[in-house]
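# Topology and contacts: notes
Here is how the chains run, residue by residue.
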Amino acid sequence: STDLTSTVGYDSIIQHLNDGRKNCKEFEDFLKERAIIEEKYGKELINLSKKKPCGQTELNTLKRSLDVFKQRNSFLWSMRLPFLSHVVHPGALMASDVLTLALLSSQIELIMEAIHKNRNMQYKKTMEVNQVWLYGFMMLMCTHTAHLYLSSLFHRWQLFLKLAQTKSALEDSGESYQQSVTTLEKIHEERQKEHIKACEFFETQECERINYFRNAVWLHVNQLSQDCVRNDEKYEEIRKSLEMCSIEKDIDFFVNLRKTGSSAPAPVVYENYYNTQRNPTPVRSPVPAAISR
């Protein structure tokens, strides 16, 4: 800004840095909330695996596949419980590093605030001295003009004395004004140097913050990818166990387990006690449509 006392540009930088720290904190809080949800979700899934039956009366190869299904899922769900520790880690690490930078930044901000305050005070003082000098200059001009138009020697002598006093006061105020301007210029130059150094530090800080932020997100995504790989390994075990599931073997297993014999029931013979024939004709009873082998 062309305004000597303006801090618009500096304030904009500080606001951006504060927003950056806020964003890092928001990301850390996001990870914490995600971890809490994952932990709760994992516990609910484990309880589901323990309490809810899943094909418990199945037999042979399908039963073994279902056992693998429950065991591997239970393992995967239990893996979600420590999710809190390794998911918060990148955010906490980033927050720690950003906090260190924030502390250094705060020190520089305090220095810049003191410089701005000193500069503004000196600027105000310079403007006040300037007003005194301008007022004295106007009084001198008015006194000098009045001195030219007075005809009385006595009045001209009095005005001459006042003119001398005004000149002396004007010289004093002019000297004070010049010294104040010189001091203000030195303070302004010092402020410019400190401002440049502060901006260089703030730029370095912002680069590091963005780098921390990017790496933290990258690490978080890598962890999620590793979880997916582990999950897929366990799911692959389930798929392999299902490949070993044989429909024919399970049918044969059930038949061998539940079989009651290899012969059909004997026919029921009708006996007519009133019939005198020795060889009564047997009457077969209906045979069930499905008989176990």
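If you look the chain up in an unreviewed UniProt entry, it shows as PPIP2 protein from Nycticryphes semicollaris.

## Thoughts on the overall build of the chain
Of regular secondary structure, the chain possesses five helices and zero strands. In the chain, the succession of α and β elements from N to C terminus is α-α-α-α-α. Looking at the 293 residues of the chain, the share that counts as buried comes to 26%. By sequence separation, contacts in the chain at least 24 residues apart represent 86% of the contacts at least 6 residues apart. Just so you have it, the chain exposes about 21,000 Å², and 59% of that area is on carbon and sulfur atoms.

## Observations regarding the pattern of salt bridges
Scanning all chains against the criterion turns up nine salt bridges. In this structure, the salt-bridge partner of Lys32 is Glu28, at a minimum N-O distance of 3.7 Å. In this pair, Lys32 and Glu28 are both assigned in helix H1 (residues 8-51), four residues apart and thus about one turn of the helix distant. Classification of Lys32 by relative accessible area gives partly exposed; the value is 34%. Taking relative accessible area as the criterion, Glu28 reaches 9% and is therefore assigned buried. One salt bridge in this structure joins Lys197 and Glu194, with 3.2 Å as the shortest N-O distance. With Lys197 and Glu194 both in helix H4 (residues 153-243) and three residues apart, the pair spans about one turn of that helix. Assessed through its relative accessible area of 47%, Lys197 is described here as partly exposed. Each of Asp232, Glu236 and Arg239 takes part in salt bridges that share partners, so that together they form one network.

## Some details on the side chain of Gln122
Mapped onto the elements, Gln122 comes out in helix H3 (residues 83-149). Residue class for Gln122 comes out buried when judged on its relative accessible area of 11%. Among the polar contacts made by the side chain of Gln122, one reaches the side chain of Ser180 at a distance of 3.0 Å. Residue contacts for Gln122: discarding those within four places in its chain leaves Ser180, Thr183, Leu184 and Ile187.

## Regarding the environment of Tyr123
Assignment of secondary structure puts Tyr123 in helix H3. Taking the C-alpha atoms as reference points, Tyr123 and Thr5, 118 residues apart in sequence, are found 7.8 Å from one another. If sequence neighbours within four positions are ignored, Tyr123 has contacts with Leu4, Thr5 and Leu184.

## Points about the nonpolar core
Counting residues in hydrophobic clusters, the biggest one holds seven residues: Tyr10, Ile14, Leu17, Met112, Ile115, Ala198 and Phe202. Contributing elements (two or more residues each) for this core: H1, H3 and H4. No other element matches the three residues that H1 contributes to this core. Those residues in contact with Phe202, other than ones at most four positions away along the chain, are Tyr10, Ile13, Ile14, Leu17, Ser105, Ile108 and Glu109. In this structure, Cys24, Phe27, Leu31 and Phe213 belong to the second largest nonpolar core, which totals five residues.

## Observations regarding the packing of aromatic side chains
All chains considered together, the criterion is met by three aromatic pairs. Where Phe27 meets Phe213, the ring centres are 5.2 Å apart and the plane angle is 45 degrees; that geometry is what we call tilted. On the criterion of sequence distance, the pair formed by Phe27 in helix H1 and Phe213 in helix H4 is long-range, its members being 186 residues apart. Like Phe27, the residue Phe213 is buried in the burial classification. Joined through ring pairs, the aromatic side chains of Tyr10, Phe201 and Phe202 make up one cluster.

## Some details on the confidence of the model for the chain
Across the chain, the average pLDDT comes to 75, with 69% of residues at or above 70. Of all the helices and strands in the chain, H3 carries the lowest mean pLDDT, 69, while helix H5 (residues 247-258) carries the highest, 88. Per-residue pLDDT stays below 50 along residues 287-293; that stretch engages in nine contacts with residues further than four places along the chain or on separate chains.

## Quick notes on the environment of Gly20
Relative to the helices and strands, Gly20 is located in helix H1. Exposure remark for Gly20: the relative accessible area of 2% places this residue in the buried category. Separated by 193 residues in sequence, Gly20 and Phe213 have C-alpha atoms that sit 9.6 Å apart.

Calculation criteria
- Residues numbered from 1 in each chain as written.
- Predicted model: local features only at pLDDT ≥ 70, side-chain atom pairs only at ≥ 80, totals over all residues.
- Heavy atoms only, no water.
- Helix = DSSP H or I, 4+ residues; strand = E, 2+ residues; numbered from the N terminus.
- Buried < 20%, exposed > 50% of the residue type's maximum accessible area, 1.4 Å probe, protein only.
- Contact = heavy atoms within 4.5 Å.
- Areas by Shrake-Rupley, 256 points an atom, 1.4 Å probe, with all protein chains shown as cover.
- Salt bridge = Lys/Arg side-chain N within 4 Å of Asp/Glu carboxyl O.
- Polar contact = N/O pair within 3.5 Å; in protein donor to acceptor, adjacent residues only side chain to side chain.
- Core = buried A, V, L, I, M, F, W, Y, C linked by side-chain atoms within 4.5 Å.
- Phe/Tyr/Trp six-rings, centres within 6.5 Å; stacked < 30°, edge-to-face > 60°.
- pLDDT = per-residue confidence, 0-100.

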